[in-house]
Amino acid sequence: MNFELTKEQEMTKKMVRDFADGVIRPRAVEIDEKAEFPKDIFDEMGKLGLLGIPFPEEYGGSGGDTLTYALAVEEIGKVCGSTGLSYAAAVSLGASPIYYFGTEEQKQKYLVPLAKGEGLASFGLTEPNAGSDAGGTQTRAELKGDQYVINGEKCWITNAEYARSITVTAVSGKREDGKNIISAFIVPKDTPGMRITSPYEKMGVRGSNTSEIILEDVEIPKENVLGDPNGGFKQFLYTLDGGRISIAALALGIAQASLDKALAYAKERKQFGQPISKFQAIQFKLADIAMEVELARNMVFKAAWLKDQGKPFSKEAAFAKLYASETAFRSANQAIQIHGGYGYMREYEVERFLRDAKLLEIGEGTSEIQRMVIARQLGC
Ligand SMILES: Cc1cc2nc3c(=O)[nH]c(=O)nc-3n(C[C@H](O)[C@H](O)[C@H](O)COP(=O)(O)OP(=O)(O)OC[C@H]3O[C@@H](n4cnc5c(N)ncnc54)[C@H](O)[C@@H]3O)c2cc1C
């Protein structure tokens, strides 16, 4: 067993850390305050090849692995949860399904520009009445001649307003046993009938774009069905398994940032004539956070490694997502506690970490759903 990163992984990590520290960190407070999607930062990230890390060079990517991509998400997550979420969603939810399931033609047409960083993509699964139970989608796609006509509504879709294509799921027919067939459709931006608005005022990840999508008689050619028309359900389950590793990596970034800030503050802040880091009550908090951050990191790395080896990784991705997101929330909460009243003030940033971390216990499957996935894998 080798816990050391490869030279390439170390290089990518350093490159992303330098970019995050130099370009994103100075803007993080403002991105949150103004709830402004940092489009220019994503243009830069595209030029650096960050949007193509886990895709092969033949599709415009840099041929990295899942672990390298997770390292990049963690580094960005350390400085800005909003940018981290939009980055993770663009790669894991926007581009990846096209890479996993798309036909060669779809990969050339839609994946290549995404991997080259020429734009973002989104994945529209959630609906007002179909969240955890995403198979209960009410959006319908009806085949008329060579066109599918899609009608329905999607909510809380990350990056949709800035996406060049959106993959949406819809019921496209019935199986012999009466159950719905779900298919996924690649809908290019500006397709008539698709309206995208961003009406939400969010608690955290405020600079990540979150959109509502209305589909009214949206006509899509048959060739835009993502891979197997009967495979939509399996496709989104696999996509979410992969996405969970990136959400876990983002949570790890927030947890690590909480530890770094809390430790620095504890060494600096004096009460009763000494730094508060000398009090055992504070030391125990820091020790717990440090341990949990390291355990979360090990789980993220293992899930990413399993995926890269082509081995089953669904349970481990759920472990990583569940543990890392709850660690991020606890770490941010304790970081506020260690900062005392200052931690409650915006300028110390740790309250932002808490608000951003909360989303990670909800998106891409809530903590309850992760426990269900794990229990199912245990044979319950
Ligand atoms: C900022 C943000 C970005 C998002 N981005 C995307 C995106 O890009 N694409 C996309 O498709 N979706 C996206 N989502 C949606 C997200 O994935 C869902 O919110 C999430 O899956 C939960 O669904 P829900 O909100 O409808 O909650 P519900 O499913 O209504 O759940 C409500 C509560 O009930 C619990 N619950 C539900 N079912 C069970 C059960 N069987 N057993 C026990 N407890 C249960 C849940 O755990 C939760 O606590 C985003 C959401 C947010 C907030």
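Further up the page is the structure itself.
Residues numbered from 1 in each chain as written. Predicted model: local features only at pLDDT ≥ 70, side-chain atom pairs only at ≥ 80, totals over all residues. Heavy atoms only, no water.

## A closer look at the site of the ligand
Phase 1: Of all residues adjacent to the ligand, which total 17 residues, the nearest are T126, S132, W156, T366 and E368.
Phase 2: T158 is positioned such that a nitrogen or oxygen atom in its side chain is 2.8 Å from a nitrogen atom of the ligand.
Phase 3: Here the ligand loses 64% of its free accessible area of 980 Å² to cover by the protein chains.
Phase 4: Spatially, the ligand is embedded in the largest pocket.
Phase 5: Counting residues per element, the ones that place at least two in the shell around the ligand are β3 (147-158) and α11 (367-377).
Phase 6: The biggest single contributor to the shell around the ligand is β3, with 3 residues.
Phase 7: Split by residue class, the shell around the ligand holds 8 nonpolar, 6 polar and 3 charged. (Near = heavy atom within 4 Å. Polar contact = N/O pair within 3.5 Å; in protein donor to acceptor, adjacent residues only side chain to side chain. Areas by Shrake-Rupley, 256 points an atom, 1.4 Å probe, with all protein chains shown as cover. 1 Å grid on protein atoms, 1.4 Å probe; cavity = no way out; pocket = protein on both sides within 12 Å on 5 of 7 lines; lining within 4 Å. Sits in = over half its atoms within 2 Å of the grid points. Helix = DSSP H or I, 4+ residues; strand = E, 2+ residues; numbered from the N terminus. Nonpolar A, V, L, I, M, F, W, Y, C, P; charged D, E, K, R; others polar.)

## Comments concerning the packing of helix α3 (residues 39-47) against helix α5 (residues 81-101)
Axes are the key here: two packed helices are described by the angle between their axes and the distance separating the axes.
Phase 1: Across the interface, α3 lies against α5 with an axial gap of 11 Å and an inter-helix angle of 50°. Here α5 runs oblique to α3, going by the angle between their axes. In this structure, α3 crosses over α5, and the sense of that crossing is right-handed. Of α5, the residues touching α3 (which contributes I41, F42 and M45) are T83, S86 and Y87.
Phase 2: Of the residues assigned to the contact of α3 with α5, the class counts are 4 nonpolar, 2 polar and no charged. (Axes fitted to C-alpha atoms, helices over the stretch in contact; angles between N-to-C directions. Parallel < 35°, antiparallel > 145°, perpendicular 65-115°, else oblique. Left-handed = near helix turned anticlockwise from the far one by under 90°. Contact = heavy atoms within 4.5 Å.)

## What to know about the pairing of strand β2 (residues 140-144)
Phase 1: The sheet contact formed by β2 and β3 spans 5 bridges and is antiparallel. Bridging from a neighbouring strand, R140 pairs with N151 of β3.
Phase 2: Connecting the antiparallel pair β2 and β3 is a turn made up of 2 residues, with G145 showing a positive phi of about 65°. (Pairing = 2+ DSSP bridges.)

## Structural notes on the side chain of K307
Phase 1: Take K307: it is sitting in helix α8 (residues 280-308).
Phase 2: Of the buried charged residues, K307 lacks a salt bridge, with D308 as the closest side chain of opposite charge at 5.8 Å.
Phase 3: At 2.9 Å, the side chain of K307 forms a polar contact with the side chain of Y100.
Phase 4: Each residue touching K307, except ones within four places of it in the same chain, is listed here: T66, Y100, Y238, G242, I245 and F313. (Buried < 20%, exposed > 50% of the residue type's maximum accessible area, 1.4 Å probe, protein only. Lys, Arg positive; Asp, Glu negative; His and termini not counted. Salt bridge = Lys/Arg side-chain N within 4 Å of Asp/Glu carboxyl O.)

## Focus: the pairing of strand β4 (residues 163-174)
Phase 1: Sheet topology places strand β1 (residues 120-124) next to β4; 5 bridges connect them, and they run parallel. When the bridges of β4 are listed, L120 appears paired with A163.
Phase 2: Here β4 pairs with strand β5 (residues 180-188) via 9 bridges, running antiparallel. In the sheet register, G173 faces β5, and the bridge partner there is I181.

## As for the pattern of salt bridges
Phase 1: Overall, the coordinates contain 24 salt bridges when judged by the stated rule.
Phase 2: Where D40 meets R27, a salt bridge forms, and the shortest distance between an N and an O atom there is 3.1 Å. Highlighted residues: D40 in helix α3 and R27 in the loop between α1 (7-24) and α2 (28-34), separated in sequence by 13 residues.
Phase 3: Exposure remark for R27: the relative accessible area of 25% places this residue in the partly exposed category.

## A look at the nonpolar core
Phase 1: In terms of nonpolar packing, the biggest core is built from 83 residues, with I24, M45, L50, Y87 and V300 touching the most fellow members.
Phase 2: Tallying contributions element by element places helix α7 (residues 232-268) first for this core, with 14 residues.
Phase 3: If we skip the residues at most four places from it in the chain, V300 touches A70, I245, A248, A249, L252 and A320.
Phase 4: Residues I150, A160, F185 and L215 belong to the second largest nonpolar core, which totals 17 residues. (Core = buried A, V, L, I, M, F, W, Y, C linked by side-chain atoms within 4.5 Å.)

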